[in-house]
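# Geometric and topological summary
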Amino acid sequence: MDHMPSTPPTESSMRRALRRARDGVAVDRTEAAVLLQARGEDLAQLCAVAARLRDQGLAAAGRPGVITYSKKVFVPLTRLCRDRCHYCTFATVPGKLRRDGHGLYLSPDEVLEIARQGAALGCKEALFTLGDRPEDRWPEAREWLDAHGYDDTLAYLRAMAVRVLEETGLLPHLNPGVLGWTDLQRLKPVAPSMGMMLETTATRLWSEPGGPHHGSPDKEPAVRLRVLEDAGRSAVPFTTGVLIGIGEDYAERADAFFAIRSVARRYQGVQEVIVQNFRAKPDTAMRAMPDAELEELAAAIAVARVVLGPGARIQAPPNLVDAEYRLIIGAGIDDWGGVSPLTPDHVNPERPWPQIEELARRTAAEGFELRERLTVYPEYLQRGEPWLDPRVRPHVEALADPVTGLAAAGALPAGRPWQEPEQLPAATGRTDLHRTIDTEGRTGDRRGDFEEVYGDWTALREQVAAIPPARLPGDVRAALAVAADDPTRLTDDQALALFAAEGEALDALCAVADAVRRDAVGETVTYCVTRNINFTNVCYTGCRFCAFAQRRTDADAYTLSLDQVADRAEQAWQVGATEVCMQGGIHPDLPGTAYFDIARAVKERVPGMHVHAFSPMEVVNGAARTGLSIRDWLTAAQQAGLDTIPGTAAEILDDEVRWVLTKGKLPAATWVEVVSTAHELGIRSSATMMYGHVDTPAHWLGHLRLLAGIQQRTGGFTEFVTLPFIHTNAPVYLAGIARPGPTHRDNRAVVAMARLLLHPHIPNIQTSWVKLGAAGAAEMLRSGANDLGGTLMEETISRMAGSAYGSYKSVRDLEAIAAAAGRPARQRTTTYGEVPPERRAAALASDGHLPQLLPVLD
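Residues numbered from 1 in each chain as written. Predicted model: local features only at pLDDT ≥ 70, side-chain atom pairs only at ≥ 80, totals over all residues. Heavy atoms only, no water.

### What to know about the sheet that holds strand β15 (residues 610-613)
- Taken in spatial order, the three strands make up an open sheet running β12-β14-β15, and their pairing is parallel. Among the strands making up the open sheet, the edge pair consists of β12 (530-534) and β15. With strand direction ignored, the average angle separating the axes of adjacent strands in the sheet is 25°.
- Sheet topology places β12 next to strand β14 (residues 579-583); five bridges connect them, and they run parallel. Each residue of the ladder has a partner; that of Ile 533, found in β14, is Met 582.
- Across the face of the sheet, helix α23 (residues 562-574) comes into contact with β12 and β14 while running at roughly 170° to β12. (Pairing = 2+ DSSP bridges. Helix = DSSP H or I, 4+ residues; strand = E, 2+ residues; numbered from the N terminus. Axes fitted to C-alpha atoms, helices over the stretch in contact; angles between N-to-C directions. Contact = heavy atoms within 4.5 Å.)

Here it is, written out as structure tokens:
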């Protein structure tokens, strides 16, 4: 394999690229590829630009003239791996480990011995390095995990990170390779930072036989870029980097830096970028490959600085630079990475670490002070929530200088408890928001961290611009004929044509949908006497459509106690409720078992109450914080009293739109996994779609097709709920990105098409009076809907977003909406069964609402 094409750039192209970099003009990929080939005087000029940018960044960060490093120990948890990288000597095979007298995994005692020795030497970081999912390739690894009681390698990694925190105080930095979004949620509570080298974006090095990554599923560039994005969405301070000299060309090398820049701008989660030079190793397939030269490394570092900017933290491993400290510092680094006084570099064992004193001396010779940092960079410690999980924050703060965020001078690690909080946080904040939202309103139109918590708005606008526009409508008349005859035969093109129907065609569509509704479920409109209980609105997930979530310090933030939750459930029972619907923000202090406690508290107070609670996002959050699988967590929740789950957190089940609407919520595939698992366990759910923001009819169609497919497999959905986007206080609207909700035409078309596309699989289609008002809901009942949802008794989510239709409806109100549509009404249970006579009588006696708590407003 050729190391690099030999055709050099022209003198004029190099001069032009250097001039643009020197003048502070953004260079493009072509110019960056030219600059990567700078040598001699050209390289000196490039490095001068990069050094100036580095110095600006350090001054802005409050540490001018400081180059950092982390004092660490290297913990090779396992050297087994499912990948086959052709240059790697770290990964090995079970037989060789046994011949050398090693276990397949380090034992807990071995892990803790390394960590204790490191702590005694003043190390503060435990770098866990391991192969990607070895149990997928090696039966011996699967057997070891089963024998020791771990579901997978990541479960063992999580357990060892906790023990290191508790018994030594070292801060785990986790490098387990490719992680999914759910994996990141599992590991974030046990580590202040994580990392994975991007290495390259050159797909051919993975896809073509003979390439260094061929045969390695985890080395596909698209997969690794997704990890960087998911880490940013999950607010995990993340280390990544580029490995130069493995066969990529200069354009591909440049592209890797631009790809990292794109992710860093969108999510602000890339805490450092390593620029590492390839070193050939004996006994590997690439042993004859020439090493990347140090001038090539310096050019790559300098280009990384120019592309990533002054605020980036750029690192070069000091054991790979052949003592050319002046060249590498001059190229624009500001960090030397982890250096260990105890353990070797297990990835490059032939390259010993420099002594820290020697590194300090060589750094000082270039005019810089060497300062120790922690595994998580100061910027993330100073940002606080959501970047540091509260379970590890005490461990980090114990070692951090409170002013600089670097390692505190003289601080020594000591074990501290790592534990979930034992119960819900104490009741705090505006706990009467469910009532005063109607009388006093919200304090402001946006939360205090509007500019930070949602990611980069400019990058988001570019992302929205890339969404394909809606397709031109097809033959509506022919599509209507198919819908009227048999809606299950509608093709995608015909469905899209109907989604675009207007005027008489829209009226005809709604009439067809109403006829299908009549045949499927009859004339009766159903509703449920229920109470919403939103137990906290403190959340840092960063959903850009949500006006409900608040920082814990915001004026409208609140958290209910368990007694308050139970009190509200009891009040609801007294006025005839059969259900409480309970959801809340992803509060950083909320233990994963709190959801069990909430369900149990309601059941203990009101045994007959149906607990409809916890969105798929909350399910994943609870599973991640407890270390349980989704299935095991749902089983435990069911045992605690959970009956059904709301199918909220769906929004649009297409990640193209989803990653515009939310920074950190679960991906579409994980939503599907949660509801499918719940259905398999006998826990039924609703299904929802929030529409009218940055979506198109193609997204609506895909969403409904996906739900129909799930229902055909599981039969677990009780209803489909249409949720028109409320724009007024939604961050994505305030930022000028989303449109102002769906039109009346959109609402009619979506309800009608939901009826047709979900027929006959999901018979119940619910409209939202909270979002549409009484008249709008009645119109939807004439367009294919058959259900009005619930009385709610309290509602803060839509009201915080700007809905003008109040927080509750009485039984008479709901039956009046049905009458306006010319239909009878019937109270139902959560699963559409008959309501016991005693519950019906209580509901009629009180009219299904709480007049003392929720006064009617004229």
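### Here's the deal with the packing of aromatic side chains
- Throughout the structure, instances matching the rule amount to 15 aromatic pairs.
- Taking the centre distance of 4.5 Å and the plane angle of 25° together, the rings of Tyr 105 and Trp 144 count as stacked. On the criterion of sequence distance, the pair formed by Tyr 105 in the loop between α4 (94-99) and α5 (108-120) and Trp 144 in helix α6 (residues 139-148) is long-range, its members being 39 residues apart.
- For Trp 144, a relative accessible area of 14% corresponds to the buried category.
- In textbook terms, an aromatic cluster arises when at least three aromatic residues are bridged by ring pairs, as seen for Phe 535, Tyr 595, Phe 596, Phe 614 and Trp 633.
- It is Arg 383 that lies over the ring of Tyr 380; its NZ or CZ is 4.5 Å from the centre. (Phe/Tyr/Trp six-rings, centres within 6.5 Å; stacked < 30°, edge-to-face > 60°. Buried < 20%, exposed > 50% of the residue type's maximum accessible area, 1.4 Å probe, protein only. Lys NZ or Arg CZ within 6 Å of the ring centre and 35° of its normal.)

### Observations regarding unusual backbone geometry
- The amide bond that connects Glu 385 to the next residue, Pro 386, takes the cis arrangement and shows omega of 5°.
- By secondary structure assignment, the location of Pro 386 is in the loop between α15 (378-383) and α16 (393-397).
- Residue Pro 760 is reached from His 759 by a cis peptide bond, and omega for that bond is 0°.
- By the secondary structure assignment, Pro 760 is in the loop between α31 (744-758) and β18 (765-766).
- Positive phi, close to 55°, is recorded for Gln 268, a residue that is not glycine.
- Within the secondary structure, Gln 268 sits in the loop between α11 (250-267) and β6 (270-277).

### As for the pairing of strand β11 (residues 525-528)
- Every second residue of β11 is oriented toward a common face, with Val 525 and Tyr 527 on one face and Thr 526 and Cys 528 on the other, all of them buried.
- Sheet topology note: the β11/strand β20 (residues 825-827) ladder contains three bridges and is parallel. Pairing of Thr 526 across the sheet is with Arg 826, part of β20.
- Pairing geometry for β11 and strand β19 (residues 787-790), over two bridges, is parallel. Opposite Cys 528, over in β19, you have Gly 790 as the bridge partner.

### Remarks on the packing of α31 against helix α32 (residues 769-781)
- For the pair α31 and α32, interaxial distance at closest approach is 10 Å and the crossing angle is 45°. Compared by their axis directions, α31 and α32 come out oblique. α31 and α32 meet at a crossing whose hand is right-handed. Residue-level contacts link His 744, Asn 747, Arg 748 and Val 751 of α31 to Leu 772, Glu 779 and Met 780 of α32.
- Per-class residue counts for the contact of α31 with α32 are three nonpolar, two polar and two charged. (Parallel < 35°, antiparallel > 145°, perpendicular 65-115°, else oblique. Left-handed = near helix turned anticlockwise from the far one by under 90°. Nonpolar A, V, L, I, M, F, W, Y, C, P; charged D, E, K, R; others polar.)

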